[in-house]
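Take a look at the letters that make up each chain.
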Amino acid sequence: MAVCCLAKLFARARNALSVALVACVVPSHAQAQVSAGMDRETARARALIESGEGTAARSVLDSLVEQAAPSSLELADALYWRAVLAERVMDAERDWKRLVIDVPLSPRTPDALLRLGELDLLRGHPAGARVYLDRLLRDYPEGSHRGRALLLSARSYLEERDIPRGCTMLASLRTAGIAHGEVGLQADEMARACVGAQAPAAALAAPAAKSTPPPAAPPAAPPAVPSAKPSGTQYSVQLAAYNTQREADAAVKRFATRGVEARVDGSEKPFRIRTGRFAAQADAVALLAKLKRQGFAGFVAEITP
């Protein structure tokens, strides 16, 4: 009798343990199913993006943002792609800021910081752009984003006429060995502002000679004030650059399939891929902002005669 009771108690305990184990396993399995479902839907939204069905993709991503768990990588992906597809800059900015705040450890965070910095530069707020760029360089010192972050930081200083700091940032690109490809081309164009920038400082730092001052020279005619830009300067948006004509031609075709009418500028490397041609820089800046909202990267380039 005692043996029978003990057997029953053991069976009950074993069943209770099995139920407890199932209770522990089911949530993990369910969570895995949710993650897999989010991955599939994110992939579907990206496929819709590639096929040009932006409205359908945004609808999918709206649902993903609502369903994603707080601070999850799924939320970061959904916010990122919804920002890329946003029709209004303020909507994209909202999602990138939310991504940075809610999912700071996501692999998407560096790119979100970079895009927020670019937006402030486009608005003419270089100091505001550096808030994001400095955080990016501080918190994410490694990665493919570093070269572009240094480049944009240099541009922010140059736009404020802080030539020494801007040129120092450009020099750090060379020192770090990441000024290559498109980043290198942009750095070369921006470095024109650094030519001769150190000469006045060197002259001021030189000790004064202990000799009698030379006789006063006759007054020279005032130097002619150069025009801000050469006559006939135009502006375009540069999207990429390649070392071969074949690669450049292929890129133009790819841009055409995504609704961007691009061209190849130049008859020798680097072959620059550009779109638009404007007499006013503001028009090129507006086109660049529109392209960035569509997920393209680029910068405004000067075309001199």
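The residue count restarts for each chain, going from 1 along the sequence in the order it is written. Since the coordinates come from a predicted model, pLDDT governs what is reported: local features require at least 70, and pairs of side-chain atoms require 80 or more to be given and counted, while whole-chain, interface and lining totals use all residues. Excluding hydrogens and water, the side-chain values take into account all heavy atoms of the structure.

> Whenever I open this one, the overall build of the protein chain confuses me. Can you help?
What counts as a helix is a DSSP run of H or I of at least four residues, what counts as a strand is a run of E of at least two, and both are numbered from the N terminus. Per the secondary structure count, the protein chain includes 12 helices and 4 strands. Three exposure classes are used, based on accessible area relative to the maximum for each residue type with a 1.4 Å probe and protein chains only: buried under 20%, partly exposed in between, and exposed over 50%. For the protein chain, with 305 residues in total, the buried portion stands at 36%. Residue contacts are counted whenever heavy atoms from the two residues lie within 4.5 Å of one another. Sequence separation of at least 24 residues holds for 57% of the intrachain contacts in the protein chain that already meet a minimum separation of 6. Under the convention used here, a 1.4 Å probe and the Shrake-Rupley method define accessible areas, while residue burial counts only the protein chains that appear. Carbon and sulfur atoms provide 60% of the accessible area of the protein chain, an area that totals close to 18,400 Å².

> It is not clear to me how the state of the cysteines should be interpreted in this structure. Could you clarify?
Chemically, a disulfide is nothing more than a covalent bond linking the sulfur atoms of two cysteines. The term disulfide is used for any two cysteine sulfur atoms that are within 2.5 Å. Considering all chains together, one arrives at 1 disulfide under this definition. Linked covalently through their sulfurs, cysteine 167 and cysteine 194 form a disulfide whose S-S length is 2.0 Å. Taking the sign of the S-S torsion, -105 degrees for the link of cysteine 167 and cysteine 194, the bridge is left-handed. Of this pair, cysteine 167 sits in helix H8 (residues 163-176) while cysteine 194 sits in the loop between helix H9 (181-190) and helix H10 (199-205), placing them 27 residues apart in sequence.

> How should the packing of aromatic side chains be read in this particular structure?
In this description, a pair of aromatic rings is defined by centroid distance and the angle of the planes. Only Phe, Tyr and Trp rings are paired, with Trp represented by its six-membered ring, and only when their centres lie within 6.5 Å; those with planes under 30 degrees apart are stacked, over 60 edge-to-face, the remainder tilted. Enumeration according to the criterion identifies 1 aromatic pair in this entry. Placement of a charge over a ring requires the Lys NZ or Arg CZ to be within 6 Å of the ring centre, with the centre-to-atom vector within 35 degrees of the ring normal. The side chain of arginine 108 reaches across the aromatic face of tyrosine 80, ending 4.5 Å from its centre. Note that arginine 130 overlies the ring of tyrosine 157, its terminal NZ or CZ placed 4.2 Å from the centroid.

> I'm lost on helix H5 (residues 109-122) in this one. Help?
Every α-helix carries 3.6 residues per turn, so stepping three or four residues along brings you back to the same face. By definition here, a helix of n residues has an expected span of 1.5 Å times n minus one. For H5, with 14 residues, the first-to-last C-alpha span of 20 Å sits near the 20 Å given by 1.5 Å per residue. Taken together, the buried positions of H5 are occupied by Thr109, Pro110, Ala112, Leu113, Leu114, Arg115, Leu116, Gly117, Glu118, Leu119, Asp120 and Leu121. Next to the buried residues of H5 lie helix H3 (73-85), helix H4 (89-102), helix H6 (126-139), helix H7 (145-159) and helix H12 (281-293). Residue glycine 124 follows H5 closely and has a positive phi angle near 85 degrees.

> Mind showing me how you'd approach the pattern of salt bridges here?
As a working rule, side chains carrying opposite charge can pair if their charged atoms are close by. Within this document, salt bridges are pairs made up of a side-chain nitrogen of Lys or Arg and a carboxyl oxygen of Asp or Glu, the two lying within 4 Å of each other. Applying the stated rule across the entire model yields 17 salt bridges. A salt bridge links aspartate 62 to arginine 82; the nearest nitrogen and oxygen atoms lie 3.1 Å apart. Here aspartate 62, found in helix H2 (residues 54-67), pairs with arginine 82, found in helix H3; they are 20 residues apart in sequence, far enough to count as distant. For aspartate 62, a relative accessible area of 33% translates into the label partly exposed. Residue glutamate 118 pairs with arginine 148 through a salt bridge whose shortest N-O separation is 3.0 Å. Of this pair, glutamate 118 sits in helix H5 while arginine 148 sits in helix H7, and the two are 30 residues apart along the sequence. When sorted by exposure, glutamate 118 lands in the same class as arginine 148, which is buried. A single salt-bridge network, built from bridges that share partners, covers Asp62, Arg82, Asp91, Arg94 and Asp95.

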